[in-house]
Amino acid sequence: YPLYSAIIRLLGGTLVPYYLDEEKKWGLNIEEIRSQVIATHKKGISVRGLVFINPGNPTGQCLSEQNLREMISFCYKENIALLADEVYQQNIYQDERPFISAKKVLMDMGLPYNKEVELVSFHTVSKGFWGECGQRGGYFELTNIDPKTVDELYKVASISLSPNVPGQIFMGLMVNPPKPNDVSHHQYIAESKAILESLRRRAHMMTDGFNSCKNITCNFTEGAMYSFPKVNLPPLAIAAAKKAGKEPDVFYCLKLLEATGISTVPGSGFGQKE
């Protein structure tokens, strides 16, 4: 996700990217991560953190429990902090691979992992069935983080003298929703269920629609809010893109916008394999 790469560069850090495996439903390959870390160490650079998004943005996959265990074990051995971007955890569109939080897996793994692996978990009101992106409400939970580091984070947060009151109100409602005996509970359950069921139907429609098109394939959108299809462009289209000085997928997205008014995002912005 580009925001992570942008903030790393802004703060003078070094981005160490890793690929997901499109052929395996955008699965995470721990050997891919290990090889990238080893290569980075050889350059004299220390890797401090590992970020993952689950469910995936923009790939739409739900990571398996095995994937999460592998990452936690890897971070323990390499002394790397794990950052779990789990903001789409309620956006699940199938029953075969449910969302599992990194913290749950970490706690289930027991000693020494549950006492030594540093974990930061993120959540927000911008996703799920709330979709309140404009309210800018979110939180992160710190697990096994040194108290001195926590103190420094509070100092940084305190620099902002004007708190986002609406965002805090929304966060309070998210973490403390209507309870079974509350007057609004029935309406809350009905409306949230309707929104998630609608998103599930649309996930199937998008995937089925892409896969019915010639020269387009797409893994099923298991979660999050995005489908990430592969478009196999003909050689003449690729040549036309090069002539225009653009990446083929950027060229395709622009032509699609001009011809249909449909706005799409080119995959090359996410650092995909050729």
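Heads up: the structure comes first, above all this text.
Thresholds applied
- Residues numbered from 1 in each chain as written.
- Predicted model: local features only at pLDDT ≥ 70, side-chain atom pairs only at ≥ 80, totals over all residues.
- Heavy atoms only, no water.
- Helix = DSSP H or I, 4+ residues; strand = E, 2+ residues; numbered from the N terminus.
- Expected span 1.5 Å × (residues − 1).
- Buried < 20%, exposed > 50% of the residue type's maximum accessible area, 1.4 Å probe, protein only.
- Right-handed = clockwise from strand over helix to strand, strands pointing away.
- Pairing = 2+ DSSP bridges.
- Phe/Tyr/Trp six-rings, centres within 6.5 Å; stacked < 30°, edge-to-face > 60°.
- Contact = heavy atoms within 4.5 Å.
- Arc of directions from axis to C-beta.
- Polar contact = N/O pair within 3.5 Å; in protein donor to acceptor, adjacent residues only side chain to side chain.
- Core = buried A, V, L, I, M, F, W, Y, C linked by side-chain atoms within 4.5 Å.

Here we look at helix α8 (residues 185–211)
- In this model, α8 (27 residues) spans 39 Å end to end at C-alpha, consistent with the 39 Å of a helix rising 1.5 Å per residue.
- Within α8 the residues assigned to the buried category are His185, Ser192, Ser198, Leu199, Ala203 and Thr207.

With respect to the pairing of strand β4 (residues 81–85)
- Most of β4 sits out of view: four of its five residues are buried.
- Where the polypeptide runs from strand β3 (residues 49–53) across helix α3 (residues 65–78) and back to β4, its parallel neighbour, the crossover connection is right-handed.
- Pairing of β4 with strand β5 (residues 119–124), which is carried by four bridges, proceeds in the parallel orientation. Bridge assignment links Leu82 to a residue of β5, and that residue is Leu119.

Quick notes on the packing of aromatic side chains
- Tallying each qualifying case throughout the model produces seven aromatic pairs.
- Relative to Tyr188, the ring of Phe129 has its centre 5.8 Å away and its plane inclined at 70°; by these criteria the two rings are edge-to-face. One end of the pair, Phe129, is in the loop between β5 and β6 (138–143); the other, Tyr188, is in helix α8, and 59 residues separate them in sequence.
- Assessed through its relative accessible area of 11%, Phe129 is described here as buried.
- On the basis of relative accessibility, which here comes to 22%, the residue Tyr188 falls in the partly exposed class.
- Within the aromatic cluster, the residues linked to one another by ring pairs are Trp26, Phe228 and Phe270.

Overview of the side chain of His123
- Looking at the element boundaries, His123 is found in strand β5.
- You can call His123 buried: its relative accessible area is 8%.
- Ignoring anything within four residues of it in the chain, the contact list for His123 reads Glu86, Val87, Gln89, Trp130, Gly138, Tyr139 and Met174.

Details of the environment of Thr59
- Of note, Thr59 is situated in the loop between β3 and α3.
- Between the C-alpha atom of Thr59 and that of Leu20, which follows or precedes it by 39 residues, the distance is 8.8 Å.
- Among residues more than four places away in sequence, those in contact with Thr59 are Leu20, Trp26 and Phe228.

A short note on helix α2 (residues 30–42)
- The end-to-end C-alpha separation of α2 is 19 Å, in line with the 18 Å expected for 13 residues at 1.5 Å each.
- Burial in α2 covers these residues: Ile30, Glu32, Ile33, Val37 and Thr40. Considered in projection along α2, the buried side chains sweep an arc of 160° and stay on one side of the axis.
- Its side-chain oxygen 2.9 Å from the backbone nitrogen of Glu31, Asn29 forms the N-cap of α2.
- Positioned one or two residues after α2, Gly44 has a phi angle of 80°, which is positive.

What about the nonpolar core?
- By size, the foremost hydrophobic cluster in this structure holds 24 residues, and its most contacted members are Ile33, Leu50, Phe52, Leu68, Met71, Ile72 and Leu82.
- Taken together, the elements giving at least two residues each to this core come down to α2, β3, α3, β4 and α4 (102–109).
- Here the element with the most residues in this core is α3; it accounts for five residues.
- Setting aside its immediate chain neighbours within four residues, Phe52 contacts Tyr18, Leu63, Leu68, Met71, Leu82, Leu83, Ala84, Asp85, Glu86 and Ala102.

Worth remembering: the numbers are spatial, not functional.
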